Amino acid sequence: WRWHIMNAYQFSTMNALMLGHFESAEKVKDALEHGLVGIGTYEGLNGEAIIIDGCAYNGLPGGEIKQMDVETGMAFGIVAPVQMMGTVFQQKSVLNLESLKERADEVRKAECKSDNFICFARIDGVFDSVTVRSCYQQNEPYAPMYEVAKSQVETTRNDVEGTLIGFWFPKYMESINLPGWHFHFISADRKTFGGHCLECSLKSGLIGGKKITGLDLRLPEDSSFEKMDFNQDLREKTASVEGKSQK
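Bear in mind the structure is a predicted one, so any value in this text is a computation, not a measurement. (Residues numbered from 1 in each chain as written. Predicted model: local features only at pLDDT ≥ 70, side-chain atom pairs only at ≥ 80, totals over all residues. Heavy atoms only, no water.)

Peer 1: How do you make sense of the packing of aromatic side chains when you look at a structure like this?
Peer 2: Geometry of an aromatic ring pair is reported as the spacing of the ring centres plus the angle between the planes. As enumerated under the stated definition, the model contains seven aromatic pairs in all. Between Tyr 9 and Phe 11, the ring centres sit 6.0 Å apart and the planes meet at 50 degrees, which makes this aromatic pair tilted. An aromatic cluster is built from Phe 127, Phe 185 and Phe 193, whose rings are joined through pairwise contacts. Seen from the ring of Trp 168, Arg 108 lies directly overhead, with NZ or CZ sitting 3.7 Å from the centre. When the ring centre of Phe 117 is taken as reference, the NZ or CZ atom of Lys 211 above it lies at 4.0 Å. (Phe/Tyr/Trp six-rings, centres within 6.5 Å; stacked < 30°, edge-to-face > 60°. Lys NZ or Arg CZ within 6 Å of the ring centre and 35° of its normal.)

Peer 1: Which parts of the structure should I look at to understand a negative patch on the surface?
Peer 2: A cluster of acidic residues, Glu 98, Glu 102, Glu 106 and Glu 199, forms a negative patch on the protein surface. Element by element, the count of residues in the negative patch is highest for helix H3 (residues 97-112), at three residues. Mapped onto the fold, Glu 102 is located in helix H3. (Patch = residues over 30% accessible without salt bridge, like charges linked within 9 Å, V, L, I, M, F, W, Y side chains within 5 Å. Areas by Shrake-Rupley, 256 points an atom, 1.4 Å probe, with all protein chains shown as cover. Salt bridge = Lys/Arg side-chain N within 4 Å of Asp/Glu carboxyl O. Lys, Arg positive; Asp, Glu negative; His and termini not counted. Charge placed at Lys NZ, Arg CZ, Asp CG, Glu CD. Helix = DSSP H or I, 4+ residues; strand = E, 2+ residues; numbered from the N terminus.)

Peer 1: Help me understand the environment of Ser 240, please; the structure alone is not making it clear to me.
Peer 2: With respect to the helices, strands and loops of the structure, Ser 240 is situated in helix H6 (residues 235-242). Overall, Ser 240 belongs to the partly exposed group, its relative accessible area being 30%. For the pair Ser 240 and Phe 120, spaced 120 residues apart in the sequence, the C-alpha separation amounts to 23 Å. Separated by 2.7 Å, the side chain of Ser 240 and the backbone oxygen of Lys 237 make a polar contact. (Buried < 20%, exposed > 50% of the residue type's maximum accessible area, 1.4 Å probe, protein only. Polar contact = N/O pair within 3.5 Å; in protein donor to acceptor, adjacent residues only side chain to side chain.)

Peer 1: Honestly, the state of the cysteines in this entry has me stumped. Any pointers?
Peer 2: Disulfides are covalent bonds that connect the sulfur atoms of two cysteines. Enumeration according to the criterion identifies zero disulfides in this entry. Of all cysteine sulfurs in the structure, the one in Cys 119 sits closest to Cys 112, which takes part in no disulfide; the separation is 3.9 Å. The class of Cys 119 is buried, set by a relative accessible area of 1%. (Disulfide = S-S within 2.5 Å.)

Peer 1: Before we go on, may I ask you to explain the pairing of strand S10 (residues 153-169) in this structure?
Peer 2: Each regular strand displays side chains that alternate between the two surfaces of the sheet. Bridging between strand S9 (residues 118-134) and S10 involves 15 bridges; their strand directions are antiparallel. Residue pairing in the sheet places Arg 133 in a bridge with Glu 154 of S10. Examined bridge by bridge, S10 and strand S11 (residues 180-187) share eight bridges and lie antiparallel to one another. Bridging from a neighbouring strand, Thr 163 pairs with Ile 186 of S11. (Pairing = 2+ DSSP bridges.)

Peer 1: I keep staring at the environment of Ile 123 and nothing clicks. Help me out?
Peer 2: Counting through the fold element by element, Ile 123 comes out in strand S9. A residue is classified by how much of its surface remains accessible, and Ile 123, at 0% relative accessible area, is buried. In this structure the C-alpha to C-alpha distance between Ile 123 and Phe 89, which are 34 residues apart in sequence, comes to 9.6 Å. Setting aside chain neighbours within four positions, we find Ile 123 in contact with Leu 100, Gly 162, Thr 163, Leu 164, Phe 183, Leu 202, Leu 206 and Ile 207. (Contact = heavy atoms within 4.5 Å.)

Peer 1: Which parts of the structure should I look at to understand unusual backbone geometry?
Peer 2: Outside of glycine, negative phi angles account for most residues, and trans bonds account for most peptide bonds. Residue Pro 141 is bonded to the preceding Glu 140 through a cis peptide linkage, with omega at 0 degrees. In this structure, Pro 141 sits in the loop between S9 and helix H4 (145-148). If you check the backbone angles, Leu 45 has positive phi at about 60 degrees while not being a glycine. Considering the arrangement of structural elements, one finds Leu 45 in the loop between strand S3 (37-42) and strand S4 (48-52). Since its relative accessible area comes to 2%, Leu 45 is described here as buried. Unusually for a residue other than glycine, Arg 190 sits at a positive phi of about 60 degrees.

Peer 1: Looking at this structure, how should I read H6?
Peer 2: Because each turn of an α-helix spans 3.6 residues, side chains separated by three or four positions end up pointing in the same direction. Taken together, the buried positions of H6 are Thr 238, Val 241 and Glu 242. Around the axis of H6, the buried residues are gathered within 80 degrees of arc, so they sit on the same side. Those residues of H6 that are buried are in contact with helix H1 (14-18), S9, H4, S11 and strand S12 (194-212). (Arc of directions from axis to C-beta.)

Here is the structure:
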């Protein structure tokens, strides 16, 4: 594929994930052929995927990080061929995730100049605290994610250096991916801490953004996906799962 065209590559959809499609939609090696950075989850909803610098990691329940084999299946994910940020802002003393999303929005608006494009963000820095969540691997038959998330494991670490990888999606794409910002965290050592970011406080760091000009979407082809009923409004259930603590 052509690196100068900034297309993101996504496999499966947010609504499919919400309804319990945890079967493999793509392998790690195929995702890495399309991008160097990204987020998602693995087959069976086994942890939280963080793809950074061309390597795939898993944020397990409790925050432990494991590097994943390239043959591992992924249930859902989005990657992008980002090598350099288009716009970078320096930030200090951002007290919570909501405020950090507002700062990331400033970068996005400077980079994209519109609310109609997808935006990738990478935030490298030192964090006073980070809270992540992850789910244990599920067994078939799979329950909907909004049910599984009730038993998610939430873990907080203080004084940690690391990176947030995330994407911002426009509201008009809400059945495809989560509207607004969606961040996963990984510690700088790529070993000790990571997962889906629920809350954080940034001491100091850099927020970089990159405009995404296209989306290549691959849909699952298995019988589970074929039988799913997407003619329902999942907005409230998606918001409750993706953006909030379950405690």
